[in-house]
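# Structural description and commentary
One letter stands for each residue in the lines below.
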Amino acid sequence: MIKKFIFGTVLTGILFSCNTNKTPQLGKSSIDDVVKAMTLEEKAKLLIGTGMDLSVLGDSAVVGETDLYVQGAAGTTYPIPRLGIPTIVVADGPAGLRIAPLREGTTDTYYCTAFPVATLLASTWNTDLVESVGKAMGNEVLEYGVDILLAPALNTQRNPLCGRNFEYYSEDPVVSGKIAAAMVRGIQSNGVGTSIKHFAANNQETNRMGNDSRISQRALREIYLKGYEIAVKESDPWTVMTSYNYINGTYSSESKELLQTILRDEWGFKGIVMTDWFGGKNAASQVIAGNDLLMPGSKKQCQNIIDAVNDGSLPIEAVDTNVKRILNLILESPRYKGYAYTDKPDLKAHAEVSRQSATEGIILLKNNNTTLPLIDPVKSVAPFGITSYDFIAGGTGSGDVNRAYTVSLTEGLKNAGYQLNTDLVALYDKYISEENEKNKSNPVNPLLNFLPKKRLAEFIPSAASLKNAAASADVALITIGRTSGEFIDRKLPNDYELSENEQKLIREVTGAFHAVNKRVVVILNIGGVVETASWKNTPDAILLAWQLGQEGGNSVADVLSGKVNPSGKLPMTFPVKYTDVASSANFPQDNALDLDINSILGLNKDPDRELVRNVDYTNYEEDIFVGYRYFDSFGKQVSYPFGYGLSYTTFELSNPTVKEENGAFTLTVDVKNTGSFAGKEVVQLYVSAPVIPAYSKPEKELKAFAKTKELQPNETQTITLTVTAADLASFDPNASAWVTDSGKYLFLLGTSSKDIKVSVDTTINKKLEVKTNNVLSLQSPINILKR
Ligand code: BGC
């Protein structure tokens with residue numbers, strides 16, 4: 001992309017430099033000539049999008065000028081036909097393209113494939129697979145006439161209650177960065193763009209447009225920016241979307257330190273930066289900071305830019321720089337190139353991609369007495385839990401996808417040839433239809449359409465029904481479901497924690513089935529971490545299925561039946577108690593949402609009121625100790641550790657080696673399938689750095705990972721992993737530098753952060769220091785956790 005930009009610009013410059021008599025045309029004249037020919041108003045308009053019609057925010061389709069091109073897309077840029085500048089179209093989102101599925105005046109449909117949510121894709125730890133999902137997703141972007149997909153999203157899963165965690169990958173920056181890079185490569189292989197978002201430190205939904213993330217420079221560099229750094233350097237995304245929040249007192253979209261010094265100067269980013277929708281306050285500051293495109297764009301922003309240029313507070317050079325970057329982006333777009341999109345992507349083939357990728361992210365948390373797979377003589381199944389009948393494909397808000405269908409667990413089981421317990425199915429069908437009927441009459445605020453739908457209270461069949469089901473079915477499956485999304489963080493009761501009814505259901509079903517020597521499997525159809533420690537001993541097996549996209553029921557049935565051996569691993573830690581999470585002291589708990597559009601847009605706040613902790617500002621006191629970095633360094637018990645996941649087979653890691661050459665370490669390790677089922681294993685490389693008294697280091701940190709191919713029983717594969725000495729550095733804020741200290745480094749090779757199988761070490765004799773700029777510092781000190 002970068003190379004093409006430069007080449008394209010130079011070429012058009014050479015070919016068309018004599019084209020000065022006529023009105024310059026984009027692509028036929030040099031970019032400089034086009035910019036020279038633009039009026040200030042045209043420039044200002046190009047820097048903001050074409051706007052959005054807020055009156056229809058309640059519809060699943062958000063329309064505005066965008067509707068002239070692709071209905072339901074999130075935004076468009078301003079076309080200037082006299083200069084040959086077309087509009088380009090951008091649309092969400094991380095689990096697949098989000099556009100309006102139906103259009104007036106035609107019976108044609110525009111459904112898109114709902115792929116598994118980002119958290120599930122990260123749970124595959126398989127970058128090749130994620131790249132292939134991106135390829136399919138990007139093809140729908142291209143074929144539906146969209147130029148840029150507003151994805152992937154890679155904010156750090158700092159706290160389990162963040163409402164958008166399902167859109168994000170991991171608590172760890174290496175997993176987030178590598179998976180995001182794979183997704184970007186896959187999508188962009190279609191010749192369409194991506195927007196990695198939300199840059200940066202947007203880790204809560206509560207007051208997302210007004211919250212100041214107060215974070216040390218070290219935690220920013222090592223945790224909150226690291227994933228973006230990896231993604232930018234390894235995949236060259238066309239665009240970056242800034243976050244809504246402030247970082248240490250400055251809006252991300254108004255921060256030159258973030259957008260110029262770090263993103264462009266230090267990391268070499270060459271694409272454009274756009275705001276999140278309605279993000280930031282001061283249009284001129286955003287332009288100066290290098291936030292090229294203000295989305296979705298408003299008349300007020302346009303006027304602000306014009307006024308600021310006229311009064312001298314906004315240099316025209318800053319405007320021109322951003323205009324040029326946007327023109328370069330447009331030159332790359334399918335719309336500029338005249339791509340004849342079909343509106344007919346191969347949805348059938350993509351459904352298969354969705355189904356297969358979802359199976360690989362399913363995590364087997366528990367499997368006592370080989371309860372799974374459900375093979376002969378298991379034939380009939382008793383599905384409990386309303387979610388078994390109403391599977392959740394993904395989260396809500398801009399991360400949702402307008403799909404044609406969602407395969408429920410019961411449908412998936414039937415497709416896989418299992419018999420369902422008919423009495424139980426009848427009971428659930430009746431309960432669900434009666435409850436839905438009751439709720440139908442409640443008036444719905446249109447804004448609520450964007451928010452997670454309230455789920456029905458869990459249904460508990462009578463003791464007699466349980467007994468009957470246990471007598472006739474071979475196994476019980478209980479699905480626990482959760483949904484969440486934009487604007488609102490999750491709560492502890494009945495969300496992070498299981499409801500009383502859900503706990504009771506697990507207890508009573510297990511009691512009834514164990515009484516007749518039959519097994520119980522719990523399936524978690526969720527988008528983020530839930531409490532597991534209090535109930536995990538009850539059932540025989542637990543499958544963490546996440547939100548699997550539109551083929552969900554089929555994907556779960558593939559794993560239950562043993563057609564696919566689960567190989568997913570946790571990209572985050574499941575703690576024993578919520579309060580064990582280091583950030584729990586600094587995360588909003590009272591997240592009541594005021595459903596008023598102005599409050600959502602952060603417009604009617606009294607500027608003089610006292611600031612509220614965790615609402616107006618959040619102190620990241622846990623610092624670098626996010627997720628396993630905290631649990632492992634401070635000796636805390638967890639329910640399921642980072643990187644954890646069982647298989648239907650077993651693996652052995654042996655013969656670790658390490659070789660150093662030119663500052664790079666190449667490690668190898670043999671992985672052998674020692675069980676009787678074919679399967680894949682993930683090798684995780686953690687590094688334990690020498691203890692430095694000057695600043696505390698985590699006990700260990702993930703530095704690389706790789707997944708084996710499918711290994712047959714007894715088959716061995718040698719896995720090779722590479723890290724550089726620079727990868728081993730910590731950020732030293734006193735020196736504003738990445739520092740790899742001299743001393744002994746332990747390379748720990750394992751299958752979870754708590755299950756290190758083999759290790760090797762190496763000694764670095766000479767300290768390595770890579771200078772950066774002293775930017776994004778805290779405005780006033782906060783307490784910082786030290787080891
Ligand atoms: C979300 C973004 C999304 C944008 C456009 C915002 O509310 O935060 O992730 O891309 O809307 O729909």
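Analysis parameters
- Residues numbered from 1 in each chain as written.
- Predicted model: local features only at pLDDT ≥ 70, side-chain atom pairs only at ≥ 80, totals over all residues.
- Heavy atoms only, no water.
- UniProt positions renumbered as here; feature names shortened; annotations may be inferred.
- Phe/Tyr/Trp six-rings, centres within 6.5 Å; stacked < 30°, edge-to-face > 60°.
- Helix = DSSP H or I, 4+ residues; strand = E, 2+ residues; numbered from the N terminus.
- Buried < 20%, exposed > 50% of the residue type's maximum accessible area, 1.4 Å probe, protein only.
- Lys NZ or Arg CZ within 6 Å of the ring centre and 35° of its normal.
- Core = buried A, V, L, I, M, F, W, Y, C linked by side-chain atoms within 4.5 Å.
- Domains from an automatic or database assignment.
- Contact = heavy atoms within 4.5 Å.
- Pairing = 2+ DSSP bridges.

An unreviewed UniProt entry lists the protein chain under the name Beta-glucosidase, with termite gut metagenome given as the organism. Recorded in UniProt under Sequence similarities (unreviewed entry), the annotation for the protein chain is "Belongs to the glycosyl hydrolase 3 family."

Per the stated rule, a full pass over the model turns up 24 aromatic pairs. Ring plane angle 65° and centroid distance 5.7 Å describe the contact between Tyr496 and Tyr578, whose orientation is recorded as edge-to-face. In this pair, Tyr496 sits in helix α19 (residues 492-496) while Tyr578 sits in the loop between β16 (574-575) and α22 (597-600), placing the two residues 82 residues apart along the sequence. Looking at Tyr496, the relative accessible area reads 1%, which means it is buried. For Tyr578, a relative accessible area of 6% translates into the label buried. Through a chain of ring-to-ring contacts, three or more aromatic side chains come together here, namely Phe384, Tyr389, Tyr428, Tyr431, Phe459 and Phe513. In this structure, Arg103 packs its charged tip against the face of Tyr110, placed 3.5 Å from the ring centre. Against the face of Tyr620 rests Arg158, its NZ or CZ located 3.9 Å from the ring centre.

What follows concerns the nonpolar core. Membership of the largest hydrophobic core comes to 80 residues, with the highest contact counts inside it found for Leu97, Ile99, Phe199, Leu225, Leu263 and Leu702. With eight residues, helix α6 (residues 173-188) is the single largest residue contributor to this core. Composition of this core by domain shows at least three residues from each of domain 1 (31-332) and domain 3 (649-771). Excluding its chain neighbours within four sequence positions, the residues that come into contact with Leu97 are Ala91, Asp92, Cys112, Glu140, Val141, Tyr144, Val146, Leu149 and Val401. Listed in part, the 75 residues of the second largest apolar core include Ala382, Tyr418, Leu498 and Ala541.

The next subject is the pairing of strand β25 (residues 737-740). Looking down a regular strand, the side chains alternate between one sheet face and the other. Along β25, one buried face is formed by Ala737 and Val739 and the opposite face, lined by Trp738 and Thr740, is buried too. When strand β24 (residues 730-732) meets β25, the two strands line up antiparallel, connected through three bridges. In the sheet register, Ser730 faces β25, and the bridge partner there is Val739. Two successive antiparallel strands, β24 and β25, enclose a turn made up of four residues, where Ser736 displays a positive phi of approximately 50°. Where β25 lies against strand β28 (residues 768-771), four bridges are found, and the strand directions are antiparallel. Paired with Ala737 across the two strands is Lys771, which belongs to β28.

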